[in-house]
Amino acid sequence: MTEVIIVPSPAAGGVLVAEAIVALVRRRADAVLGLATGSSPLPVYTALRPHAALLRDVRGFALDEYVGLPAGHPESYRAVIEREVVVPLGLDPARVRVPGDDLAEGLGYEASLADAGDRYEAAIAAAGGVDLQLLGIGATGHIGFNEPGSSFASRTRVKTLTEQTRRDNARFFAAPDEVPLHCITQGLGTILAARHLVLLAFGAAKAAALAAAVEGPVTSSLPGSAIQLHGRVTVVVDEAAASALRFADYYRHAWVHKPAWQGL
Ligand code: F6R
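Residues numbered from 1 in each chain as written. Predicted model: local features only at pLDDT ≥ 70, side-chain atom pairs only at ≥ 80, totals over all residues. Heavy atoms only, no water.

Chemist: I tried to follow the layout of surface pockets on my own but got confused; where do I start?
Modeler: If you roll a probe as big as a water molecule over the atoms, it shows you where there is empty space left. Of the voids in this model, the largest pocket is the one considered here, and its volume is about 470 Å³. The wall of the largest pocket is formed by 24 residues, among which Ser40, Ile137, Gly138, His142 and Lys206 lie closest to the centre. Its residues assigned to classes, the lining of the largest pocket comprises 10 nonpolar, 10 polar and four charged. (1 Å grid on protein atoms, 1.4 Å probe; cavity = no way out; pocket = protein on both sides within 12 Å on 5 of 7 lines; lining within 4 Å. Points joined across faces, edges and corners; volume = space filled by probe spheres on them. Nonpolar A, V, L, I, M, F, W, Y, C, P; charged D, E, K, R; others polar.)

Structure representation (structure tokens):
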């Protein structure tokens, strides 16, 4: 099922999701987290900081990475994950993987890139799969960097970013042209294999894509709609991101009356 929780603020959403992660890690100290980058998951990472001691043995797999940035570029997702997740939460860097981070030369266009996706899939499988996958959603409806047209069966592979996504992410770079054209991303099939999906969306700019993903037709033209095929999805949104949801009143009603024992 897809559970939609409308929270008063991104910070409140972060606390809620952090509590679910803490509960997971108390059950299983070496739980496998699927890590998103970008702005949406930041409140979760912030809310996890007081629990850092508990997270020591946690393992992590990032959703995606840019292709073509020099190794160590501050906006490479390896660097972002180090800065925003690994260091502040005191995770073991060796237990946190980002697609292509096993390529010593970085993610250029070398031949080794061709099978980086397969190697990443093998690493996720060897870890026993992802327990809880954090997701954001792009204006194009992408999750991970699975842009419109991505197969629901897709696995980690190299994709071309839409110009819309490059514009949206230009805020992290000195100039829009610096946003890479390509990325390597977990596929929709990879994401759907995680045991619990947690999608975060905050702000009015997300309202249309979020409503389409949660309530629209299931279509690869709106890759986020793939979440409707998963058995356990939690969608955490603020009022602005929830503003185009047709059944928002029902989601509020269901949340208020949720049996306490159910958890997220
Ligand atoms: C990031 C990712 C993307 C973002 C999406 C939303 O790892 O996979 O799908 O989650 O582009 O980005 P923000 O959260 O910055 O609005």
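Chemist: What's the story with the sheet that holds strand 4 (residues 64-67) in this structure? I'm lost.
Modeler: Strands belonging to one sheet form pairs held by backbone hydrogen bonds; the direction of such a pair is parallel or antiparallel. Within the open sheet, the three strands sit side by side as 4-8-7. Their pairing is antiparallel. Looking at the sheet topology across the chains shown, the edges are occupied by strand 4 and strand 7 (157-160). Adjacent strand axes in the sheet meet at a mean angle of 30° when their direction is disregarded. (Pairing = 2+ DSSP bridges. Helix = DSSP H or I, 4+ residues; strand = E, 2+ residues; numbered from the N terminus. Axes fitted to C-alpha atoms, helices over the stretch in contact; angles between N-to-C directions.)

Chemist: What should I look at first to understand the nonpolar core in this one?
Modeler: Within soluble globular proteins, side chains that are nonpolar tend to cluster in buried spots. Ranked by internal contacts, the top residues of the largest apolar core, which has 78 residues, are Ile21, Leu134, Ile227, Val235, Val237 and Leu245. In terms of residues, this core owes the most to one element, helix 1 (residues 10-27), which gives seven residues. What Ile21 contacts, discounting residues up to four positions off in sequence, is Leu33, Val44, Leu48, Leu132 and Leu134. By size, the runner-up hydrophobic cluster in this structure holds five residues, among which are Val67, Leu113, Ala116 and Ile184. (Core = buried A, V, L, I, M, F, W, Y, C linked by side-chain atoms within 4.5 Å. Buried < 20%, exposed > 50% of the residue type's maximum accessible area, 1.4 Å probe, protein only. Contact = heavy atoms within 4.5 Å.)

Chemist: Can you walk me through the side chain of Thr37 in this structure?
Modeler: Mapped onto the elements of the fold, Thr37 is located in the loop between strand 2 (32-35) and helix 2 (42-48). In this structure Thr37 touches Asp64, Tyr77, Val80 and Ile81, once residues within four positions along its chain are discounted.

Chemist: Explain the site of the ligand to me, please; I cannot follow it from the model alone.
Modeler: Taken together, 14 residues form the shell around the ligand, and within it Thr37, Ser40, Asp64, His142 and Lys206 come nearest. Between the ligand and the protein, one listed contact pairs an oxygen atom with a side-chain N or O atom of Arg171 at 2.9 Å. Protein chains shield 94% of the accessible area of the ligand, which is 410 Å² for the free molecule. Of the pockets mapped on this structure, the ligand occupies the largest pocket. The residue makeup of the shell around the ligand, split by class, is three nonpolar, eight polar and three charged. (Near = heavy atom within 4 Å. Polar contact = N/O pair within 3.5 Å; in protein donor to acceptor, adjacent residues only side chain to side chain. Areas by Shrake-Rupley, 256 points an atom, 1.4 Å probe, with all protein chains shown as cover. Sits in = over half its atoms within 2 Å of the grid points.)

Chemist: Just checking my understanding: could you explain the packing of aromatic side chains for this structure?
Modeler: Aromatic ring pairs are described here by two measures, namely the spacing of the ring centres and the angle between the planes. Tallied over the entire structure, the rule returns six aromatic pairs. Aromatic pair Tyr66 and Phe145: ring centres 5.8 Å apart, planes at 40°, arrangement tilted. Linking Tyr66 in strand 4 with Phe145 in the loop between strand 6 (132-135) and strand 7, this pair joins segments that are 79 residues apart in sequence. As far as the burial class goes, Tyr66 and Phe145 line up, both buried. Pairwise contacts between aromatic rings join Tyr66, Tyr77, Phe145 and Phe173 into one cluster. (Phe/Tyr/Trp six-rings, centres within 6.5 Å; stacked < 30°, edge-to-face > 60°.)

Chemist: Would you mind going over helix 4 (residues 116-126) with me for this structure?
Modeler: Within an α-helix, residues lying three or four positions from one another point in the same direction, as the helix has 3.6 residues per turn. Three or more residues of helix 4 are buried, namely Ala116, Gly117, Tyr120, Glu121, Ala123 and Ile124. Seen from one end, helix 4 has its buried residues packed into an arc of 160°, which puts them on one side. Within helix 4, the exposed residues directed more than 90 degrees away from the buried face are Asp118, Ala125 and Ala126. The inward-facing, buried residues of helix 4 abut strand 3 (59-62), strand 5 (96-97), strand 8 (182-185) and helix 6 (188-192). Backbone geometry just after helix 4 places Gly128 at a positive phi near 90°. (Arc of directions from axis to C-beta.)

Chemist: Got a minute to help me understand the pairing of strand 9 (residues 197-201) in this structure?
Modeler: The side chains of a regular strand alternate, residue by residue, between the two faces of the sheet. Of all five residues in strand 9, five are buried; the element is thus mostly enclosed. Bridge count between strand 6 and strand 9: three bridges; the pairing is parallel. Note that in strand 9 the partner of Leu135 across the bridge is Leu199. Here strand 9 pairs with strand 10 (residues 233-238) via five bridges, running parallel. The residue bridging Val198 from the neighbouring strand is Thr234, located in strand 10. Running through helix 7 (residues 207-215), the crossover from strand 9 to the neighbouring parallel element strand 10 is right-handed. (Right-handed = clockwise from strand over helix to strand, strands pointing away.)

Chemist: Just checking my understanding: could you explain the sheet that holds strand 6 for this structure?
Modeler: One open sheet holds the seven strands; their spatial order is 1-10-9-6-2-3-5, and the pairing between them is parallel. This sheet does not close on itself; its edge strands, each paired only once, are strand 1 (2-7) and strand 5. Sheet strands in contact with helix 4 are strand 3 and strand 5, and its direction is about 155° off that of strand 3.

Chemist: Looking at this structure, I do not really get the pattern of salt bridges. What am I missing?
Modeler: Should the charged atoms of two oppositely charged side chains come close, the side chains can pair. For the structure shown, the criterion picks out 16 salt bridges. A salt bridge links Asp131 to Arg195; the shortest N-O distance between them is 2.9 Å. Here the residue Asp131 occupies a position in the loop between helix 4 and strand 6, and Arg195 occupies one in the loop between helix 6 and strand 9, the gap between them amounting to 64 residues. In the salt-bridge network here, residues are joined through shared partners; they are Arg28, Asp30, Arg59, Asp131 and Arg195. (Salt bridge = Lys/Arg side-chain N within 4 Å of Asp/Glu carboxyl O.)

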